Every structure is written in structure tokens, then in C-alpha cells.
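# Survey of secondary and tertiary structure
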Amino acid sequence: MTIDELERLLAQQPVAVLHRLARGRVHRHFRAGKRRLIELLLQHSSQNLAGLESDLQTLIAERQVQSTPLPSGARSAPHTPVPAQKRLPPRGAEPDNSEAAVSLTAWLEGLGVPPPQPFVPDPWQSEALAALDDTDVVVSVPTGSGKTYVAVEAARRAMEDNRTVIYTSPLKALSNTKFTEFSKIFGSDKVGILTGDRQENGQAPLLIMTTEILRNLLYDAASGEIDVRLDTLGLVILDESQYIADPERGVVWEETIIFCPSQAKLLLLSASIGNPQDIADWLTSIRPTASRLVRHSKRTVPLRPGYLHPNGKLVPLFKTAAIPSGHPNHLHPEAKRLFHEYEEETMPSGRSRR
Amino acid sequence: MPPSIHPVDLITALRQKHLTPAIVFLTSRRACDEAMESFDVADIVLPPARQEVIAAALDRVIANYPSVAEHPLIPTVRRIGVAAHHAGHLPSWKIAIEELMRQGCLDAVFATTTLAAGVDFPARTVVITQSSIRKARDFTDLTIGEVQQIAGRAGRRGKDQVGFAVITPSPYIDLGVLTKGLTGHPESIDSQFTITYPMVLNLLKAHPHEQIHAILAKSFAQFQLNQRAELLERKLDALHVQMEPFGPRVCTDWITQWQTFDQARRQRPHRQQVKQQESPELTARFHFMTPGRVVGLTRGRGIVLRQYRSKGQRNPMISVLRPDGAVTECPAATVAEVFDRVFECDESSAFPWCSAASFDELHYQLTELPTRLPTLPILIPKVSEPLPDAIVQSLGDFPCPTCTSRPACQKDVAVASRLRQEQHRHIKSIQALRASLWHRFQERVEVLQKFGYLTPSAHLTEDGEWARLIRIDHSLLITELIRAEAFAGADPALLTGVMASIAHDDDRPGAFPRISTGLSSLLGQVRKLAESLSPYEDPPLLRADIAAVAERWIADPTLTWIGLCRLTTMAEGDIYRLLARTLEFLSQIHTLHATHPGLADSASKAIALIRRGVLEELP
């Protein structure tokens, strides 16, 4: 939905709906008139358009449900329940007005081991691998989505082509873990490791190293020391490439990418970051081919946030079982109450000291 | 209520809800260790079957890494199935714990948030107890990206249908930071490009000086700077459009013209009304009508008691003591003569403007005055006749006052000059954004030229050729030390000690084992050199205790790992990391074998000596 469409849709809604939509988004929304309210909501939509849209759709749907039994009273009916209860202190708040908060049982539902099923790569994984045939790829996905699968498959394909693969990670410990992991997958003769204090199997087709070591290799190559491994280099995988923003070491990632030989493909794996498009655009501007960005924000295994009180009571953190994206204030009333209680008792504020 | 949940209760609660295995992120290593201690007396032991599974898994790991066997946490791991995992542990221990976690043997691992990025194993549940993280020396709030990275460890693909991120409060937790972190969109990342000395040397080795500009332009830093520059350029374009109505008028650069005119107009001294009304004669005479002066008025004489200016018109006035003892106020203009006779007058600020004694004295003197008195010769300056149209005269250089577009200029100048100022500012910042990397590079080049690593034509000198191989932090200090032959004839132990103190950048306090005199004097020299280099490179901490620990490990080949750990209060993991990092620095020195054979030899001996005991066993 474009901003214009959204504006038109907002203008069609009665002001009560707008107020409900503005709750938690616009400060002191009850002060604003309809036109100003729309303006403020549109301003807010620049931060989270999707969240605003989906909420608006739910509100519209809800309204339609409400208005069907009493079509004539539709004008006055939705006004009444909205503002009154919100003013109550959180302590007395029963499950909050419109949407009932999720119960602990519902929150815990689904806990357990899924039935074993054959591994099918996610669409984004296939997409990244397919794109890697032609160009550099930037992957930005949440932690635990299966970036390693992409790395392994990409490495396998490049090695089948008789090309050298270099895999770098920011931490020595991670390099060691990956060395063990990849040795199990590809066989120990195919995998080598080069870190500041460890060098094993340095001529293997799949080399694991810290990014600093790769940078040094590239510098040596640039100043005329020929390294056979770089001639046959087909793929460079930079894991955890959000480290490019590390204050001390980020520069190493930039140097590595700038000096990466153009015949080698680059695969940048990173956790969710705000501006992966910038990274992709940057690569496009300095590499021979236009790079491809693969991003998604949906977790493979859904995440349920909870709140555990020091007395051992467990409650959902938010009103919904899943994370309500863009709504940090949709706290579960019980969690809110318990945390409030906790703060009252532990904070060295005037009242508790007495 | 306790400030935070007790670890034993936490594990009980998690087990009860089937939320194990879990990773519990705590504030500090000490918190992790204390949590472990609290399990010593806990009775939440695992059923024997599971204990056996853990024991078997542990034995398999110990076969690979013997140092794990003596770890003090082993009994807790076996009995309860919980473990600590933080930077204070040896890598072998961390590998063992990660392996046990992967096999699903453990119920919980207590880790520090600082190392969240290094925790590379998932669990069903992640427990978050804090909203800030120790960075450098103080705590900062977790960013959205960090919260998501931490929470993202929850939920194992293929083993869990859902993952859980449980927040449990501890003192100083800010729930807002965490809820925002969970629901928000991760922050954008920014380039942290810095230009280091080895980078300059290596770039100049491979490319001529003229090409470097193009290479720097390929950096992400320049890409982002360009983005900002483009944004400014768009603003500049908009300004250009806004400036259109203010194009050339009668004069091309009418804004500057008007501004100069305006300035000149403002600076021109204001006409002073007083001066205009007063005759120059009066002004000159008024100076002499000071208290005590005898003046001749139209009728009789008097002695001036005070001089002042009248309130409204600012006319010069005097208070005069008359022969009959009265005090009268009269305009200075009514004074007919100013005599050359002054009496002492003790002034005061209230009527009668002098003290009673001096009033009487003056009164007496006034009656005693001779009839003829000499008048004061007063030079009266010649007044040049003011020109009739002073403004036009003083602004004669400007056409503005008579210009036809004067009203338009006067009206628009405020807006136009503001816009033009903005334009200039943007142009300047765009230039700075485009060229800043290059300037920083040039700065580094100048420093390297000064120290003789580069020739004035920016080619590598003999020293530069080998110095470019030192690609670590504090490279300038290390190369300068080598050039000063600080390590000439130094044995491997001394070299290691100094390298360790340069490599170590952690300010966690440590104990102070006895330091050898050789090392301490060498370290003194290094410190002096580092200080003199501080304008060009941040000096390292150069801690003596660190140097001593590393030296001891090399100097005494019979020293066991346990023995070394006993010498200092540093945690095992920290000592390990220190030695591993020193190893990296030494191997860089080892690459200088072509130019500095003695030093490289010493370094390789040190490398061989470091690798023993725990350091040999590990990947």
C-alpha cells in the first residue's frame, strides 16, 4: 500500500478507529483532531508501515463484524468502549479491552520436538544459491535461519568446479568450530584452517580462516607475491559480515572485499541488519556484476517471548504469543503488573526506602 | 523479594515447564561463577540415567582434550546438567560444553552477554536477565540487533517447534530496551573505516600514489559518505531553485553588495544630538568647570560644587555656591567666565555636594576673593562645518542609496543571504565528504614520511619494505622498536614479554608476579617510545604484570599450566587468550626473517616455547 492509498483509507475511517490505531504510536493522540491524527499516523508509518497497515486492516474487519448486527447504531456503538478502560492503572487492568491477552497454555502450545521430516531448503536458501551462480550475494537473515546450509552448499558447488573456497569468520573460536564441522561434512583432507596461531592443511580446496588472514593474503598477492590459491579462487564466504560495523576490526572486512579478486564470487552472510540494501548497492558499485540481496525477517523456528518473575511465575511477555513486531508496548497485562511490582520493590525510589 | 531469581529456582522453573535446554545470559563472569556455586548445595540432581549420558559424553570430549578432565565444574555438570561458558574458561572447556549442548545433554548453560556473538550453539530457551552490556569500560544499552542476536539463539531447527526468549528481571534491567529490541527493526550499520599505517604501506607497495584515490573510493566508507553527499546535493539543488528569484539585479552580486553597504551604514557613527546642540566653546569650557573652580556668572561669582548633565535634555549643568551661601543650579551656558582659581573641595554625593567643613571653607574663600581674577585661557577647537548630506558622503562608494532596485534588495536580502549561506555550507560539507578519506590517507603518508618508511615521492624505503609485513595493532610502535634495535640480542622470553604487553588490551586487573630487571628496563624503554609516538598512534596499555606472566611461561619450560595460573589472578581463559594473541604478534615478527634474521629466529624460538601444555592441545 502506498502512502497515498493509506492516507485515503485513513480518511475514510471514523475518528474512533484512528484513535485506536494511534494508541501506542502517537503521543497524546487524544489531543489531536482527525486531520492532525492522520498526519501523525502517516508520519509514524515511515517507521513501520507494515505494522500500521495490518492493524488498520484488523480494526476495519472488527468494525465490520460489530456493525453488522446493528447497522443503524454503527455510528455511535464503537465509540463507547475505547477510551474509558485505558486510563485504569495497570494493576487493576483485567485482560485488556479489545483483544484478549494470550494465556500461558496457549503461549506454551507447540512446545516440543517436531516430527522428523526430510530437509527441504527454504526458498531464500535456494534463491541465494541460485543467484550465486552468476553474481555476488548478500544474505541478511535472522540468527538461526540456516546460513550455514547456504555456506556449505555453495562451497560444495564451487569445489565440484575445482575452485578454491575461502570461508572467513570473525572469531578464532568460530573458525575452529567451523573447521571441525566442515571436516565432518567434506572429509578432513578437503578442509584446511589458517588462523593467527594455527595452520593446518593450507593447500586444501576449502580454507577456513579469520578475515585478517585473508586480508593479509590479498595484500601479499597485490604486492606481487603469487599465491596459487588465489588464482583458482572461486568463492569467498564472509560469515558474520555485520562485523563490518565493528569499531576496531570493521576496516578489515572492507579491505577484504575491496581487494577480493574479481573472478571469485563473494557470499556475505550476516545477521539481520537495518540496511542490507546499502551493502548490496556498495558491492554492485565496486564489483563486476550487480550483486543480489537475499533477506527475510521471518524466523524458521518461531520465537515466543516470556516473562519469568523472581518468584518463579512464568507469563507471556506480550499480549500475543508471538512477537508483535513494531509494538513494544503491547505487553501482557500480567507481565506488566508483575514487572511493575518488581520495580516498586527493588528500585531505590522514595517510596520503597520507607 | 530477591533482586533476581535464584539460579536453582530458575532451573527448576524451566524444567517444570519443559523449557530446557536453555542458555542463561548473565551480566558478568562472576555472576556465572556464583550461579555455579549455588548449585553445589542444590538437590535438583538429574535422574541417574541422564547423569550417565552426560558422563559418557564428557568422557568422549576428555579423550580429545585432556585439560577438561581437571575442570572444577565437572561434578556440577555431571550431577545437575548445568555449566558455565564464558571468556574466563579455556577454549577446550567451551568446546566441551558446546559439544554437550549439541548432543542435548545439558539443561542450561550460563553465559555472559558480552560474548553472545561467540556463543554458537542454539537451545530451546534463552533467558535474558539484563538490558545493558559492558563495552569498553562502561555499560551501554543493548542495541536492537544485539537483542535479536541473543534471542535468536532460541529454537533449534529440527529439534524445536518453537523457541522461547524468557526475560527475568535483575537490578538495573530496563524492560523497555528489551521489548523494543524484540519488536523493533535492527539498526543500520555504518562503516568504521580507518586508515592504518600498514594499510598505507601495503597500498603504496602495490599501487602508485595516484591510484590510491580510486582505491579508497571503493570503500564502503566512501560509499556511505557519497550517500550523504548526494543527500546534500539534492538539498543544494532545492536551494538553487529557491534562489532563482534572487538572481542578478542591477548589480550581478547584489547580495554581497547590499551586505557591504548595510555593514558600512551600520558602522557609520551615529550623530550625537548633544554635540550638535552644544557649541564647541561650551564643550571646551565645561571640562574645566570642576568642583572647586571659581566661575563668573552673569551676576556675581560662584564656586562650582559639582557638574552634571540634566536629566531630559542632557544639558551641561553645574551646582554653584553663591557668595550669600546659597547653592544654585544653573546651566553651564550661563557661565560668563571661568577663572584661573581652584580651591580644595571635599566632594560628597549629596546636597550640598561637599562636606560641611569644606562648604564653610569654600564660602569663606569666596567672600575673601579679590575683585579681579585672571580668566582661564581655554583653547576652543575650530569646528569644521558638517556636510549637509553626511550619509551620501560617507557611503559615496555605494550605488545602493540611489539604486532603482533598492526597495527590492532591502526586502529580499534577509531571505536571500540566509539561502546563500546555506548553499555555501552545503558545498563545503560536500567537498569534505568527498575528500575526507583521501585527506586522512595523506595525513598517514606524511607521518610515515617523517619516520622514514616512505620517500618524499611516497615510495617505500628499505624500512618500509619490511614494515609493511607487520599488520597488527600498534604496528608503528613495533616497527619503531625494531628500528631502535630494542630487541637486539634479546632472548625469546624478553621478546615475548614485551609483545604480550603490547598485544594485551584488556584492563581487567591482574596480580603482579615478580618481574625480571631485564624485562622491566626494556618495558620502560618501550613505554617511553610509546609515549613519544602517542600523537601518531594510541599507546597500548603495556602492563607489566602481563609481560611478566608471558615471560615466565617462556623462561621456565618446566612451568606447568596450573603453575602459571597460580602465579596470577587472571582467569585461565584470559591467560590463554593473551598467549594466543602474543603468538599471533610473534608470528608477524617471524615474517621478517629476510631482513632481521636474528629477531625472526628469536621469535620462532619463542613460538615454539609458547606452544606447550594446554596451548599445544588446542585447535
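Residues numbered from 1 in each chain as written. Chains lettered and ligands numbered in written order. Predicted model: local features only at pLDDT ≥ 70, side-chain atom pairs only at ≥ 80, totals over all residues.

Scanning chain A from N- to C-terminus turns up 15 helices and 10 strands. Residue burial in chain A is summarised as follows: out of 354 residues, 40% are buried. Expressed as a percentage of contacts within chain A between residues at least 6 apart in sequence, the contacts between residues at least 24 apart total 60%. (Helix = DSSP H or I, 4+ residues; strand = E, 2+ residues; numbered from the N terminus. Buried ≥ 20, exposed ≤ 12 C-beta atoms within 10 Å, placed from the backbone. Contact = placed C-beta atoms within 7 Å.)

Per the secondary structure count, chain B includes 25 helices and 12 strands. A compact globule built from 619 residues should have a C-alpha radius of gyration of about 25 Å, whereas chain B, at 44 Å, is more than 25% larger. Its C-alpha atoms put chain B at 130 × 65 × 60 Å along the principal axes. Every one of the 619 residues in chain B was classed for burial, and the buried ones make up 37%. (Rg over C-alpha atoms; globule rule 2.2 N^0.38 Å.)

Moving on, we get to helix H14 (residues 356-367) of chain B. Residue and element names in this part refer to chain B. Taking 1.5 Å per residue as the helical rise, H14 with its 12 residues ought to reach 16 Å, and the 17 Å between its terminal C-alpha atoms agrees with that figure. What H14 keeps buried is the set Ser 358, Phe 359, Leu 362 and Leu 366. Seen from one end, H14 has its buried residues packed into an arc of 105°, which puts them on one side. Seen from the buried face of H14, the exposed residues on the opposite side, beyond 90 degrees, are Ala 356, Ala 357, Asp 360, Tyr 364 and Thr 367. Turning to H14, the residues buried within the fold contact strand S9 (301-309) and strand S10 (316-321). (Expected span 1.5 Å × (residues − 1). Arc of directions from axis to C-beta.)

Across the sheet, seven strands lie side by side as S10(A)-S9(A)-S7(B)-S4(B)-S1(B)-S3(B)-S2(B); this open sheet has mixed pairing. If you trace the sheet from one side to the other, it starts and ends with strand S10 (314-316) of chain A together with strand S2 (82-85) of chain B, each paired once. On average, each strand axis in the sheet is tilted by 25° relative to the strand beside it, whichever way the strands run. With four bridges joining them, strand S4 (residues 125-128) of chain B and strand S7 (residues 163-167) of chain B adopt parallel strand pairing. Bridge pairing in S7 of chain B places Ile 128 of chain B opposite Ile 167 of chain B. This element, helix H6 (residues 144-151) of chain B, spans strand S9 (303-308) of chain A together with strand S1 (22-26), S4 and S7 of chain B of the sheet and lies at about 135° to S4 of chain B. (Pairing = 2+ DSSP bridges. Axes fitted to C-alpha atoms, helices over the stretch in contact; angles between N-to-C directions.)

To continue, consider the interface of chain B and chain A. Contacts between the two partners involve 70 residues from chain B and, on the opposite side, 66 residues from chain A. Those elements that place two or more of their residues in the side of chain B that touches chain A are helix H1 (7-16), helix H5 (91-102), H6, S7, helix H7 (175-183), helix H8 (197-206), helix H10 (220-243) and helix H23 (572-590) of chain B. A total of six residues in the side of chain B that touches chain A trace back to one element, the largest contributor, which is H7 of chain B. Tallied by class, residues from the side of chain B that touches chain A come to 30 nonpolar, 24 polar and 16 charged. Relative to S7 of chain B, S9 of chain A runs parallel, the two sharing five bridges. Its bridge partner being in S7 of chain B, Arg 304 of chain A is matched across the sheet by Phe 164 of chain B. (Nonpolar A, V, L, I, M, F, W, Y, C, P; charged D, E, K, R; others polar.)

On to the environment of Arg 299 of chain B, then. Here Arg 299 of chain B is to be found in the loop between strand S8 (293-297) and S9. Along the chain, Arg 299 of chain B and Val 335 of chain B lie 36 residues apart, while their C-alpha atoms are 9.7 Å from each other.

On to the domain arrangement of chain B. Reports often express the size of an interface as the amount of accessible area lost when the parts come together. What the domain assignment reports for chain B is domain 1 (7-183), domain 2 (194-268 + 395-468), domain 3 (280-367) and domain 4 (471-617). The distance between the C-alpha centroids of domain 1 of chain B and domain 3 of chain B comes to 97 Å. (Domains from an automatic or database assignment.)

Right, let's talk about unusual backbone geometry for a bit. A cis amide bond links Thr 20 of chain B with the next residue in sequence, Pro 21 of chain B, at an omega value of -5°. Considering the arrangement of structural elements, one finds Pro 21 of chain B in the loop between H1 and S1. The linkage connecting Phe 351 of chain B with the following residue, Pro 352 of chain B, adopts the cis geometry, with an omega of 5°. Here Pro 352 of chain B lies in the loop between strand S12 (335-342) and H14. If you check the backbone angles, Asn 162 of chain A has positive phi at about 60° while not being a glycine.

Residues and elements named next belong to chain A. Strand order in the open sheet formed by eight strands is S4-S3-S5-S2-S6-S7-S1-S8, with mixed pairing between adjacent strands. Looking along the sheet, the strands with just one partner apiece sit at the ends: strand S4 (198-200) and strand S8 (292-295). Taken over all neighbouring pairs, the strand axes of this sheet differ in orientation by 15° on average, direction set aside. As paired elements, strand S1 (residues 137-140) and S8 share four bridges and run parallel to each other. Bridge pairing in S8 links Val 139 to Val 294.

A few words now on the nonpolar core. If you look at the biggest cluster of nonpolar residues, it comprises 128 residues, and the most contacted ones within it are Phe 110, Val 126 and Val 200 of chain B. Apart from the residues within four sequence positions on either side, Val 200 of chain B is in contact with Ile 195, Phe 441, Arg 444, Val 445 and Leu 448 of chain B. Counting residues in hydrophobic clusters, the runner-up holds 62 residues, among them Val 165, Phe 182 and Ile 257 of chain A together with Ile 430 of chain B. (Core = buried A, V, L, I, M, F, W, Y, C linked by C-beta atoms within 7 Å.)

A separate point is the pairing of S1 of chain A. Residue and element names in this part refer to chain A. Of the two faces of S1, the one holding Val 137 and Val 139 and the one holding Val 138 and Ser 140 are both buried throughout. Pairing analysis gives four bridges linking S1 to strand S7 (residues 265-270), with the strands arranged parallel. Bridged to Ser 140 within S7 is Ser 270.

Turning our eyes to something else, we now look at the confidence of the model for chain B. Of the residues in chain B, 94% have a pLDDT of 70 or more, and the chain-wide mean is 87. For this predicted complex, the interface confidence comes out at an ipTM of 0.76, alongside a pTM of 0.75. (pLDDT = per-residue confidence, 0-100.)

Residue and element names in this part refer to chain B. Contact geometry of helix H21 (residues 544-555) with H23 gives a least axis separation of 11 Å together with a crossing angle of 75°. It follows from the interaxial angle that H21 and H23 lie roughly perpendicular. Across the interface between the two elements, Ile 546, Val 549, Ala 550 and Trp 553 from H21 touch Ile 575, Leu 578, Leu 579 and Thr 582 from H23. (Parallel < 35°, antiparallel > 145°, perpendicular 65-115°, else oblique.)

Residues of chain A with pLDDT of at least 70 account for 88%, and the chain-wide mean is 83. A low-confidence stretch, residues 350-354 of chain A stays under pLDDT 50, and its non-local contacts, those more than four residues away or across chains, total four contacts.

Of all 10 residues in H8 of chain B, eight are buried, a share of seventy percent or more. When H8 of chain B is considered as a whole, its buried residues turn out to be Tyr 197, Pro 198, Met 199, Val 200, Leu 201, Asn 202, Leu 203 and Leu 204 of chain B. In this structure, the buried residues of H8 of chain B make contact with helix H10 (211-222) and helix H12 (250-259) of chain A together with helix H9 (212-216), helix H16 (406-451), helix H17 (462-467) and helix H18 (475-483) of chain B.

Residues and elements named next belong to chain B. Its place among the elements puts Phe 343 in the loop between S12 and H14. Since 17 C-beta atoms lie within 10 Å of it, Phe 343 is described here as partly exposed. Counting along the chain gives 40 residues from Phe 343 to Ile 303, while the straight-line C-alpha distance between them is 8.5 Å. Not counting residues within four places of it along the chain, the set of residues in contact with Phe 343 comprises Gly 292, Ile 303, Leu 362 and Gln 365.

Glancing now at the environment of Asp 262 of chain B. Residues and elements named next belong to chain B. Relative to the helices and strands, Asp 262 is located in helix H11 (residues 254-267). A residue is classified by how many C-beta atoms lie within 10 Å of it, and Asp 262, with 16 of them, is partly exposed. As for Asp 262 and Gln 410, which are separated by 148 residues in sequence, their C-alpha atoms are 9.4 Å apart.

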